[in-house]
Amino acid sequence: MRVTETAREMRAISESWRSAGERVGFVPTMGALHAGHLALVQTAREECDRIVTSIFVNPSQFAPGEDFDTYPRWLERDSKLLMEAGCDALFAPNVEAMYGGSSVELSPSGERVFVEVGEGIGGLWEGAERPGHFRGVATVVTMLFHAVVPHRAYFGEKDYQQLRIIQRMVHNLLFDVEIVPCPTVREPDGLAMSSRNARLSTEEREAAVTLSRALQAGASLVKGGERDAARLERVMREVCGAEPLIALQYAAVVDTETLSPLDSLGERPARFLISAHVGDMHLIDNIAVPPV
Ligand code: PAF
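I will try to describe carefully the structure that is included in this document. Since the model is a prediction, treat every value here as computed from it, not as a measurement.

**Side note on helix α2 (residues 35-47)**
Move 1: Its 13 residues place the ends of α2 18 Å apart at the C-alpha level, agreeing with the 18 Å of an ideal helix rising 1.5 Å per residue.
Move 2: If you check which residues of α2 are buried, you get Gly36, His37, Leu40, Val41 and Ala44. Angularly, the buried residues of α2 cover 150° about the axis, an arc narrow enough to put them on a single face.
Move 3: Turning to α2, the residues buried within the fold contact β2 (24-29), β3 (50-55), α3 (75-84), β5 (152-156) and β6 (178-182).

**A word on the sheet that holds β6**
Strand pairing in a sheet relies on backbone hydrogen bonds. The paired strands run either parallel or antiparallel.
Move 1: As summarised here, the arrangement of the six strands in space is β1-β4-β3-β2-β5-β6, forming an open sheet in which the pairing is parallel. Here the strands that pair on one side only, and so sit at the sheet edges, are β1 (2-4) and β6. Shown here is a sheet whose adjacent strand axes are inclined to one another by a mean of 25°, direction ignored.
Move 2: In this sheet, strand β4 (residues 89-91) lies alongside β3 in parallel orientation, the contact comprising three bridges. Its bridge partner being in β4, threonine 53 is matched across the sheet by leucine 90.
Move 3: Taken strand by strand, α3 contacts β3 and β4, and its axis lies near 165° from that of β3.
Move 4: Helix α7 (residues 133-148) contacts β2, β3, β4, β5 and β6 of the sheet and is inclined by roughly 145° relative to β2.

**Remarks on the pattern of salt bridges**
Pairing between side chains of opposite charge can happen when their charged atoms approach one another.
Move 1: For the coordinates displayed, the defined rule picks out 19 salt bridges.
Move 2: Here arginine 45 makes a salt bridge to aspartate 88, at a shortest N to O gap of 3.5 Å. Pair noted here: arginine 45 is in helix α2 and aspartate 88 is in the loop between α3 and β4, with a separation of 43 residues, a long-range link.
Move 3: For arginine 45, a relative accessible area of 28% gives the class partly exposed.
Move 4: Measuring nitrogen to oxygen at the nearest pair gives 2.7 Å for the salt bridge that ties glutamate 47 to arginine 152. One end of the pair, glutamate 47, is in helix α2; the other, arginine 152, is in strand β5, with 105 residues separating them in the sequence.
Move 5: Residue glutamate 47 is classed as partly exposed on the basis of its relative accessible area, which comes to 34%.
Move 6: By relative accessible area, arginine 152 is classed as buried at 18%.

**Brief notes about helix α1 (residues 7-19)**
Since there are 3.6 residues in each turn of an α-helix, residues three or four apart along the chain are aligned in direction.
Move 1: Its 13 residues place the ends of α1 18 Å apart at the C-alpha level, agreeing with the 18 Å of an ideal helix rising 1.5 Å per residue.
Move 2: Met10, Ile13, Ser14 and Trp17 are the residues of α1 that are buried. Angularly, the buried residues of α1 cover 90° about the axis, an arc narrow enough to put them on a single face. For α1, exposure combined with an orientation more than 90 degrees from the buried face picks out Arg8 and Ser19.
Move 3: Taken together, the buried residues of α1 touch β1, β2, β3, β4 and α7.
Move 4: One or two positions beyond α1, positive phi appears at glycine 21, with a value near 85°.

**Considerations on the nonpolar core**
Grouped burial of nonpolar side chains is what soluble globular proteins tend to show.
Move 1: Within the largest apolar cluster, 42 residues are counted, with the highest numbers of intra-cluster contacts made by Val52, Phe145 and Ile179.
Move 2: Where this core is concerned, the elements lending two or more residues are α1, β2, β4, α4 (95-99), α7, β5, α8 (160-172) and β7 (246-255).
Move 3: Residue contributions to this core peak at 10 residues, all from α7.
Move 4: Those residues within four positions of phenylalanine 145 in sequence are excluded, and the remaining contacts are Phe26, Pro150, Ala153, Phe155, Val170, Phe175, Val177 and Ile179.
Move 5: The next biggest cluster of nonpolar side chains, apart from the first, holds 26 residues, and it includes Leu191, Ala219, Val253 and Ile274.

Cut-offs used in this document
Residues numbered from 1 in each chain as written. Predicted model: local features only at pLDDT ≥ 70, side-chain atom pairs only at ≥ 80, totals over all residues. Heavy atoms only, no water. Helix = DSSP H or I, 4+ residues; strand = E, 2+ residues; numbered from the N terminus. Expected span 1.5 Å × (residues − 1). Buried < 20%, exposed > 50% of the residue type's maximum accessible area, 1.4 Å probe, protein only. Arc of directions from axis to C-beta. Contact = heavy atoms within 4.5 Å. Pairing = 2+ DSSP bridges. Axes fitted to C-alpha atoms, helices over the stretch in contact; angles between N-to-C directions. Salt bridge = Lys/Arg side-chain N within 4 Å of Asp/Glu carboxyl O. Core = buried A, V, L, I, M, F, W, Y, C linked by side-chain atoms within 4.5 Å.

Right, here's the structure in full:
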């Protein structure tokens, strides 16, 4: 596996594969890899000739006071996992290489260009909870796409709003990259895999499964004929309310495309979204709700 820290070298590697007619698949990550990331690499392996993974904890998508400093950085362990998974290249730049300073603030911020995400899809849910988050994500994904020049890029559905925003960005800004959504990988008890799970205490880990239980409680009501979004949201809130370690941020029934809130389920596919703090950790989850 080739390992590089510079966009220039990464692009040269990718261009050499592309000019040999090989299809390049890309899995962008912030490291602390788990089975969900490795499933993305596996899917990319099945569909592409060469696989690139990036590991970069991106400061511009963390607000002040969030967990940028404590986010796990396990480069050695992660590179070993990627090698075993059959990854061909690892792009692991540092903040200096990406932003020209040791933090985003150090680069002359008035001079920087960012990719702005419209309030319609970027201001809702995680966008409201974490102002500036999706601007940071859209900006760094743009930079990563320019460094890696992939044919296809693989994103997990666990970060559903991020996935929809990247799809919108690629469409609106005419990127020549196919975005491949991949299903959420779950622990045996249903908890969606996340790099942040590793930092939960034993009690918090037990409580965290409440998020997927709340989503499942909503899904069972739909099976029983419930269509009213307010009632479905109330049940998800009640499931979370019974667990003292969960501080719920939102439980919402939304349109699967626009992510705008729905009054009731109908002919269009919907999604249940949920977000909470469990101790200091911010966790999110979602499930698809087929048209009824
Ligand atoms: O989902 C993530 O891990 C990050 O948001 C991403 C897409 C790698 C951008 O930093």
